[in-house]
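If you want the building blocks of each chain, they are given just below.
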Amino acid sequence: MSHLLSGNQAIARGAYEAGVTVATGYPGTPSTEILENTVQYKSDIYCEWSPNEKVAFEVAAAASCAGARTLVTMKHVGLNVAADPLMTLSYLGVEGGMVIVVADDPGMHSSQNEQDTRNYARFAKIPVLEPADSQEALDFVKLGIELSEQFKTPVILRTTTRVSHSRSIVKFSQRQTNPRTIGLEKNPARFVPVPLWAREMRKTVEKRLHDLQAAAVQSKANRIEWRDKSLGIITHSVVYHYVREVWPEASVLKLGFAYPYPDELFKQFAAGVKDLLIVEELDDFLEEHIKALGIACKGHDVIPNIGELSITTLEACRAKMEGRTIAPIPEPKYAKDLPARPPVLCPGCPHRGIFYALGKHDVIVTGDIGCYSLGTFK
Ligand code: SF4
């Protein structure tokens, strides 16, 4: 039976089907609805909103080290808060599968920056999966748990606002069960990265990256679609769908498992097309590496590296590349008369009273990530 789900709802379903038993998180747009939807499976999955992303990460990591399958959710800036345990867990590895869902916000619809979480995957030397729609969001949670257990590594599942909040058709499957016995083995050499053992772990991380690279080349999450070979496009995430609309005739290498970089796929695809274009949202994560392989391509010289990509943006890029002009899209008829609706603190927000009191004094107030920044507005 088919269901119409948002990417976030599909991730929750994916956690259920993958046999996850512990799901933690800290809210933040566009990731929040994942845990809210996971709660419907509470008879099978322990769920908690944690005090912050670091705690959420550590609760999930500890459960994974004890053999449980886990999911932890946060928005992109939340991974900065959880970066300390992320870097160490990469060395320790996991026993039960662990998927770290990080929702990026290109265009800053509800965020203070445009961090590209793919860089964290490379930084921490762990895999990153990028779904393009809700079915892939569900499937990639299961793939992430599989990879995590096979290679004993945490896996990042990176979504963007458009994947998290768009709805598309999803097919459900039965819940898998975790065959492991849950319980933490008291084994310092396995779980304590003092230099004596961390140096060995460091070698394991490099070997794991090498093995994961071979898995990325073979993975069904990456696929080449041969069409006209005069132009080949390498793309990822929801941008794949925009590319298919704007360049329907072009050959495409669609990446859902982009790190460790599947170099053999890059080389095979590049050798099969006349011109190569990289269409990626935010950083030149793919382009820089592909150029370092000695493969000539265009990328952010013709595709913006700021803001969210869209069909409209890419149509303008294509027209410019082909020396054409396209008519500007007219402004919607009533748009200019609509009142502005800037984001505000929720009516019952406990921060309101604090900001009301602070507002009576001539003081400078500092905060961290999250809604508190809305205290700026009167
Ligand atoms: S504005 Fe306040 S109540 Fe609303 S989500 Fe943010 S912290 Fe919570």
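It should be emphasised that the depicted structure is a prediction, and the values quoted were computed from it without experimental measurement.

Caption draft 1: Representation of the packing of aromatic side chains in the model. Tallying each qualifying case throughout the model produces seven aromatic pairs. Seen from their ring centres, Tyr259 and Tyr261 are 5.2 Å apart, and the 90 degrees between their planes marks the pair as edge-to-face. Taking the relative accessible area as the measure of exposure, Tyr261 reaches 4% and is therefore buried. Arranged with centres 6.1 Å apart and planes meeting at 65 degrees, the rings of Tyr259 and Phe285 form a pair that is edge-to-face. Linking Tyr259 in strand β12 (residues 257-259) with Phe285 in helix α13 (residues 285-292), this pair joins segments that are 26 residues apart in sequence. Neither Tyr259 nor Phe285 differs from the other in exposure class; each is buried. Among the aromatic residues, ring-to-ring pairing joins Tyr259, Tyr261, Phe266 and Phe285 into one connected group. Above the ring of Phe172, the side-chain terminus of Arg13 is found at 4.0 Å from the ring centroid.

Caption draft 2: Molecular detail of the pattern of salt bridges. Throughout the structure, instances matching the rule amount to 28 salt bridges. Where Arg69 meets Glu149, a salt bridge forms, and the shortest distance between an N and an O atom there is 2.7 Å. Of the two residues, Arg69 sits in the loop between α3 (53-65) and β4 (70-75) while Glu149 sits in helix α7 (residues 134-151), which places them 80 residues apart along the sequence. By relative accessible area, which is 14% here, Glu149 ends up buried. A salt bridge links Arg227 to Glu225; the nearest nitrogen and oxygen atoms lie 2.7 Å apart. Each of Asp104, Asp116, Arg118, Glu130, Arg158 and Glu280 takes part in a single network of salt bridges with overlapping partners.

Criteria and cut-off values
- Residues numbered from 1 in each chain as written.
- Predicted model: local features only at pLDDT ≥ 70, side-chain atom pairs only at ≥ 80, totals over all residues.
- Heavy atoms only, no water.
- Phe/Tyr/Trp six-rings, centres within 6.5 Å; stacked < 30°, edge-to-face > 60°.
- Buried < 20%, exposed > 50% of the residue type's maximum accessible area, 1.4 Å probe, protein only.
- Helix = DSSP H or I, 4+ residues; strand = E, 2+ residues; numbered from the N terminus.
- Lys NZ or Arg CZ within 6 Å of the ring centre and 35° of its normal.
- Salt bridge = Lys/Arg side-chain N within 4 Å of Asp/Glu carboxyl O.

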